[in-house]
Amino acid sequence: MPTVETVRGPVDVDGLGKVLMHEHVFTLGTEIRENYPHYPDTWDEEFRVEDAVRQLTDMVSRGITSIVDPTVIGLGRYIPRIQRINERVDLNIVVATGIYTYSDAPIQFHFTGPGRIFDVPVDPMTELFVADIRAGIADTGVKAGLLKCAIDEHGLTPDVERVMRAVAQAHMETGTPITVHTHAHEGTGLIAQRVLREEGVDLSKVVIGHSGDSTDIDYLRAIADAGSILGMDRFGIDAFCPFEDRVATVATLAALGYAEKMVLAHDASCYSDFYSEANKKAALPRWAFTHVSDDVLPALRERGVTEEQITTMLVDNPRTYFSGAQK
Ligand SMILES: [Zn+2]
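Residues numbered from 1 in each chain as written. Predicted model: local features only at pLDDT ≥ 70, side-chain atom pairs only at ≥ 80, totals over all residues. Heavy atoms only, no water.

Novice: Provide a residue-level description of the overall build of the protein chain, including the pertinent values.
Specialist: For the protein chain, the helix and strand inventory stands at 11 helices and 14 strands. For 327 residues, the compact-globule formula gives about 20 Å, and the C-alpha radius of gyration of the protein chain, at 19 Å, lands near that figure. In the protein chain, which comprises 327 residues, the share counted as buried stands at 57%. The contacts of the protein chain with a sequence gap of at least 6 include a subset with a gap of at least 24, amounting to 76%. Accessible surface, the protein chain as shown: approximately 13,500 Å² in total, 52% of it carbon and sulfur. Here the protein chain carries 30 positive and 49 negative side-chain charges, and the mean point of each set is 2 Å from the other. (Helix = DSSP H or I, 4+ residues; strand = E, 2+ residues; numbered from the N terminus. Rg over C-alpha atoms; globule rule 2.2 N^0.38 Å. Buried < 20%, exposed > 50% of the residue type's maximum accessible area, 1.4 Å probe, protein only. Contact = heavy atoms within 4.5 Å. Areas by Shrake-Rupley, 256 points an atom, 1.4 Å probe, with all protein chains shown as cover. Lys, Arg positive; Asp, Glu negative; His and termini not counted. Charge placed at Lys NZ, Arg CZ, Asp CG, Glu CD.)

Written as structure tokens, this is what we have:
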């Protein structure tokens, strides 16, 4: 039986159950917090841990048994805090390796790499990603279960391309699946597919994240027809695409036979310091880990999506995606 690495160790892919394929426990900027501890909210470690346990327990009470947390470098990945929370919530959490940037890579990679001042044959990014997958992250004993990169509205900048190719090369070496943050309105999912294909990546092991921000059925079909999985993964972020449009798009694609090419999620966080908590709650009141279970699934059923198709999106597609992930 294939297994997938989680915070609590390897899990049979059959044991994942219902999976939300893109959620963050936290997204944080460590350097800002260390220097401006009251911006945008005052950080209270104990309060945040308690609050995360409460939010995730709420989600688990709806029958969700696994989440995929693509919080990588650039988003404040910190595994010991996730371990503390996971000790108190019965949940499989798959964590990721990779780099999240829309433009430049961290300066720590600028001077070292193939063809750089400190010229080395293999990009150190690739080596770090492979080590996170094979040996584990820092000294936590937790191994990364997927790879992540991003391509936003600025498109394929030199560093976005460098990170994407490093992710692809780590995938080719380990078989670990990939998720890509994309800008659906700019159609950057197609660019990501081209670059990953050039590196030899099997596109069925790639989630094109944030595809659900788009209602462009032709764009979404093009991505799915090339083999990738559509991340319909921002339910609750009505500012990017309203609830009714998100639901209608999933229902339309399911009716066209694409349930096998979609996964569901919120892209929510227990807490993110990208904005103040008060601003988030005022602007996006339904953006929480229970929205898919409480609001989205009933709305999909009303629009003719079958129970079988829901199981395909929540259970079967994640299982297939994580099968054969280890080399
Ligand atoms: Zn995200």
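Novice: Describe the packing of aromatic side chains, and please don't skip the residues or the numbers.
Specialist: For the coordinates displayed, the defined rule picks out 6 aromatic pairs. Relative to Y271, the ring of W43 lies with its centre 6.0 Å away and its plane at 55°, an arrangement referred to as tilted. A residue pair is termed long-range when its members are at least 10 positions apart, and W43 in the loop between α1 (30-35) and α2 (45-60) and Y271 in strand β14 (residues 269-272) qualify at 228 residues. Considered together, W43 and Y271 belong to a single accessibility category, that of buried residues. (Phe/Tyr/Trp six-rings, centres within 6.5 Å; stacked < 30°, edge-to-face > 60°.)

Novice: So, the packing of helix α5 (residues 158-174) against helix α6 (residues 188-198): which residues are in play, and what are the values?
Specialist: Interaxial distance between α5 and α6 falls to 9 Å at its minimum, and their mutual angle equals 50°. By the criterion of interaxial angle, the relationship of α5 to α6 is oblique. The two elements α5 and α6 cross, and the hand of that crossing is right-handed. Contact residues: M164, R165 and A168 in α5; A192, V195, L196 and E198 in α6. Here the contact of α5 with α6 is composed, by residue class, of 5 nonpolar, no polar and 2 charged. (Axes fitted to C-alpha atoms, helices over the stretch in contact; angles between N-to-C directions. Parallel < 35°, antiparallel > 145°, perpendicular 65-115°, else oblique. Left-handed = near helix turned anticlockwise from the far one by under 90°. Nonpolar A, V, L, I, M, F, W, Y, C, P; charged D, E, K, R; others polar.)

Novice: So what about the coordination of the zinc ion? Which residues, and what values?
Specialist: Protein-derived ligands of the zinc ion are H22 (NE2), H24 (NE2) and D267 (OD), with the metal-ligand distances lying across 2.1 to 2.2 Å. Taken in sequence order, the residues that donate to the zinc ion follow the motif H-x1-H-x242-D. Here D267 lies in the loop between β13 (262-264) and β14 and H24 lies in strand β4 (residues 24-27), a separation of 243 residues in the sequence. By the burial criterion, H24 is buried, and D267 matches it. (Donors = N, O, S within 2.8 Å, 3.2 Å for Na, K, Ca; no water.)

Novice: Outline the sheet that holds strand β3 (residues 19-20), listing residues and values.
Specialist: With parallel pairing, the 8 strands of this open sheet are ordered in space as β3-β5-β6-β9-β10-β11-β12-β13. Looking along the sheet, the strands with just one partner apiece sit at the ends: β3 and β13. Across 3 bridges, the pairing between strand β6 (residues 92-98) and strand β9 (residues 146-151) is parallel. Bridge pairing in β9 links G98 to K148. Each of β12 (229-232) and β13 is contacted by helix α8 (residues 243-255), which is oriented at about 155° to β12, the strand it contacts most. (Pairing = 2+ DSSP bridges.)

Novice: Explain the pairing of β6 residue by residue, including any values.
Specialist: Burial within β6 is extensive, with 7 of its 7 residues counted as buried. Burial along β6 is two-sided: N92, V94, A96 and G98 facing one way and I93, V95 and T97 facing the other are all buried. With 4 bridges connecting them, strand β5 (residues 66-69) and β6 associate as parallel partners. Paired with V68 across the two strands is V94, which belongs to β6.

Novice: Talk me through α6; I want residue IDs and the actual numbers.
Specialist: When we look at burial in α6, the residues that qualify are T188, G189, A192, Q193, V195 and L196. The inward-facing, buried residues of α6 abut β9, α5, β10 (178-182), β11 (206-209) and α7 (217-225). Positive phi appears at G200, one or two residues downstream of α6, with a value of about 95°.

Novice: Pulling in residues and values, what's your account of the environment of I217?
Specialist: Inspection of the secondary structure assignment puts I217 in helix α7. For I217, a relative accessible area of 21% gives the class partly exposed. Along the sequence, I217 and D152 sit 65 residues apart, while their C-alpha atoms lie 20 Å from each other. Dropping the residues within four chain positions of it, I217 is found in contact with T249, T252, L253 and L256.

Novice: If you had to explain the side chain of D69 to someone new, which residues and values would you point to?
Specialist: Structurally, D69 can be placed in strand β5. Despite its burial, D69 remains without a salt bridge, the nearest opposite charge being carried by K148 at 7.3 Å. Here T71 takes part through its side chain, which lies 2.3 Å from a polar atom of the side chain of D69. Setting aside its immediate chain neighbours within four residues, D69 contacts E23, H24, V25, I82, I93, V94, V95 and A96. (Salt bridge = Lys/Arg side-chain N within 4 Å of Asp/Glu carboxyl O. Polar contact = N/O pair within 3.5 Å; in protein donor to acceptor, adjacent residues only side chain to side chain.)

Novice: Could you give an account of the pattern of salt bridges, naming the residues involved and the relevant values?
Specialist: Inspection of the entire model under this criterion finds 22 salt bridges. Among the ionic pairs, R319 bridges to D14, the shortest N-O distance being 3.8 Å. Of the two residues, R319 sits in helix α11 (residues 307-322) while D14 sits in the loop between β2 (9-12) and β3, which places them 305 residues apart along the sequence. A salt bridge links R77 to D132; the shortest N-O distance between them is 3.1 Å. Of this pair, R77 sits in the loop between β5 and α3 (79-86) while D132 is found in helix α4 (residues 124-134), placing the two residues 55 residues apart along the sequence. In the salt-bridge network here, residues are joined through shared partners; they are E161, R165, R194, E198 and E199.

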